[in-house]
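Commentary on secondary and tertiary structure
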Amino acid sequence: MSTPRTLRPGPVVCVGETMAALAPDPLGPLDDADLLRVDIAGAESNVALYLADHGIPARWVSAVGDDPFGRRVRARIAAGGVDVAGVRTDPARPTGLLLKDPGADGTRVHYHRAGSAASALAPDVLDDPALTGAALVHLSGITPALSPGCHALVERALRPDRPWPVSFDVNHRPALWTGRSAADVLRPLADRADIVLVGLDEAQALWGERITDARSVRELLPGPSVLVVKDGSHAATAFTGIDAHTVPALTVRVAEPVGAGDAFAAGFLSGLLRDLPVERALRLGHLTAASALRVAADHGPLPDPALVASLLEADEKTWRAATIG
């Protein structure tokens, strides 16, 4: 198990691709859509935006194309209170694009990101002044899937002599790993991070029958100082060393689940950065996830601050009975 690195004061630096996103308006199957709503979508920038909502200084480091989508992405993230000074503009490559296709069995996502500006990121991005004084660097398993250069970037960020702690959301996207083994790449990367978040379902999809519960994920990933295993709408368990802390999920009226994992990550990290007890950090993760679940976009408004404060302090019975509408 890794030796915990201190979460010192400073910004959280989130590194990864953000794309323009098109979704049917109103929500429905893409085949039947007459109008598409333009939004943005990116796991790491979602985390940065929710961190900013919680009052945590956040920076997003990436690259966009010199095009209208790139300008829209940068402006939207900056408007959310995130520092975008470390975002590069690539005149030769486009901003990535995704299309959401909602259906009865969930939302499918169609990517148009091959050759995008962010896919050309390389380890030198970690030398950007935006990483100076970082309290934490946040990465996801999406980035190493984008290109060899992006994979090398993540490998360098996780080097043993790194100057900052790293949080890593496994964020398995099967569509990005065609012809390659995501399981063989993501396991060693995750095991070298300080803080790791992974869904139980994605751990099972990646690592098979050996994964039966949260404890079996911990046995597979003993390295992180903190490991969070999310079990969908049931609960989330955080392992700190060998100790396990489990907090049931809230009841939420769901509009669309996309983005909830990123919101949970931001809430949980905000709790750790505020020195909250682990159980309360998990609660803050659930409360922040509710913000994404209640809207069709990846990023939604946080619940009322008074409600958040009340539920963070609530007894177990009150917590379990709470519903976020």
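Up top is the structure these notes are about.
Scope of this entry: the structure provided in the associated data block. Owing to the predicted nature of the structure, the values given are computational and were not obtained by experimental measurement. (Residues numbered from 1 in each chain as written. Predicted model: local features only at pLDDT ≥ 70, side-chain atom pairs only at ≥ 80, totals over all residues. Heavy atoms only, no water.)

**Notes on the pattern of salt bridges**
If charged atoms from side chains of opposite charge come close, those side chains can pair. Going through the model one piece at a time under the given rule, you end up with 14 salt bridges. Among the ionic pairs, Arg93 bridges to Asp90, the shortest N-O distance being 2.9 Å. Residues Arg283 and Glu316 are paired through a salt bridge, measuring 3.8 Å at the closest nitrogen-oxygen approach. Of this pair, Arg283 sits in helix H8 (residues 278-293) while Glu316 is found in helix H10 (residues 316-321), placing the two residues 33 residues apart along the sequence. Residue Arg283 is classed as buried on the basis of its relative accessible area, which comes to 8%. Overall, Glu316 belongs to the partly exposed group, its relative accessible area being 38%. It is possible to trace a salt-bridge network through shared partners that takes in Arg37, Asp39 and Arg76. (Salt bridge = Lys/Arg side-chain N within 4 Å of Asp/Glu carboxyl O. Helix = DSSP H or I, 4+ residues; strand = E, 2+ residues; numbered from the N terminus. Buried < 20%, exposed > 50% of the residue type's maximum accessible area, 1.4 Å probe, protein only.)

**Some points on the sheet that holds strand S8 (residues 136-140)**
Here nine strands make up an open sheet; going across it, the order is S5-S4-S1-S8-S9-S10-S11-S12-S13 and the pairing mixed. Two strands in the sheet have a free side with no partner beyond their single neighbour: strand S5 (87-90) and strand S13 (243-248). If you compare each strand with its neighbour and ignore which way they point, the axes differ by 15° on average. The pairing of strand S9 (residues 166-169) with strand S10 (residues 195-199) spans three bridges and is parallel. Residue pairing in the sheet places Ser167 in a bridge with Ile195 of S10. Where helix H2 (residues 68-79) meets the sheet, its contacts fall on strand S4 (58-65) and S5, and the angle it forms with S4 comes to roughly 170°. Lying on the sheet, helix H7 (residues 260-273) is in contact with strand S1 (12-15), S8, S9, S10, strand S11 (226-231) and strand S12 (235-240); it crosses S10 at an angle near 150°. (Pairing = 2+ DSSP bridges. Axes fitted to C-alpha atoms, helices over the stretch in contact; angles between N-to-C directions. Contact = heavy atoms within 4.5 Å.)

**Quick look at the packing of aromatic side chains**
Going through the model one piece at a time under the given rule, you end up with one aromatic pair. Note on Phe264 and Phe268: the rings are 6.5 Å apart at their centroids and 10° apart in plane angle, and the pair reads as stacked. With Phe264 and Phe268 both in helix H7 and four residues apart, this pair spans about one turn of that helix. For the pair Phe264 and Phe268, one class covers both residues: buried. (Phe/Tyr/Trp six-rings, centres within 6.5 Å; stacked < 30°, edge-to-face > 60°.)

**Digging into the sheet that holds strand S6 (residues 97-103)**
What holds strands together in a sheet is hydrogen bonding between their backbones, with the strands either parallel or antiparallel. Pairing is mixed in the open sheet, where four strands are placed in the order S3-S2-S6-S7. Each having just a single partner strand, strand S3 (36-41) and strand S7 (106-112) make up the two edges of the open sheet. Averaged over all pairs of adjacent strands, the angle between their axes in this sheet comes to 30°, without regard to strand direction. Here strand S2 (residues 19-24) pairs with S3 via six bridges, running antiparallel. Each bridged residue has a counterpart across the sheet, and for Pro24 the counterpart in S3 is Leu36.

**Thoughts on helix H5 (residues 200-207)**
Within H5, the full set of buried residues consists of Leu200, Glu202, Ala203, Leu206 and Trp207. Down the axis of H5, the sector holding all buried residues measures 160°, keeping them to one side. Seen from the buried face of H5, the exposed residues on the opposite side, beyond 90 degrees, are Asp201 and Ala205. Looking at the packing, one finds that the buried side of H5 touches S9, helix H4 (182-192), S10, helix H6 (214-220) and S11. A positive phi of about 75° marks Gly208, the residue just after H5. (Arc of directions from axis to C-beta.)

**Looking at the layout of surface pockets**
What the second largest pocket holds in volume is close to 160 Å³. Forming the boundary of the second largest pocket are Tyr111, His112, Arg113, Ala114, Gly115, Ser119, Ala145, Leu146, Ala175 and Leu176. (1 Å grid on protein atoms, 1.4 Å probe; cavity = no way out; pocket = protein on both sides within 12 Å on 5 of 7 lines; lining within 4 Å. Points joined across faces, edges and corners; volume = space filled by probe spheres on them.)

**Notes on the pairing of S9**
Side chains of S9 alternate between two faces, with Val166 and Phe168 and Ser167 and Asp169 buried alike. Bridge count between S8 and S9: four bridges; the pairing is parallel. The residue bridging Leu139 from the neighbouring strand is Phe168, located in S9. Note that the unit made of S8, helix H3 (residues 148-157) and S9 has a crossover that is right-handed. In this view, the connection linking S9 to its parallel neighbour S10 by way of H4 has right-handed handedness. (Right-handed = clockwise from strand over helix to strand, strands pointing away.)

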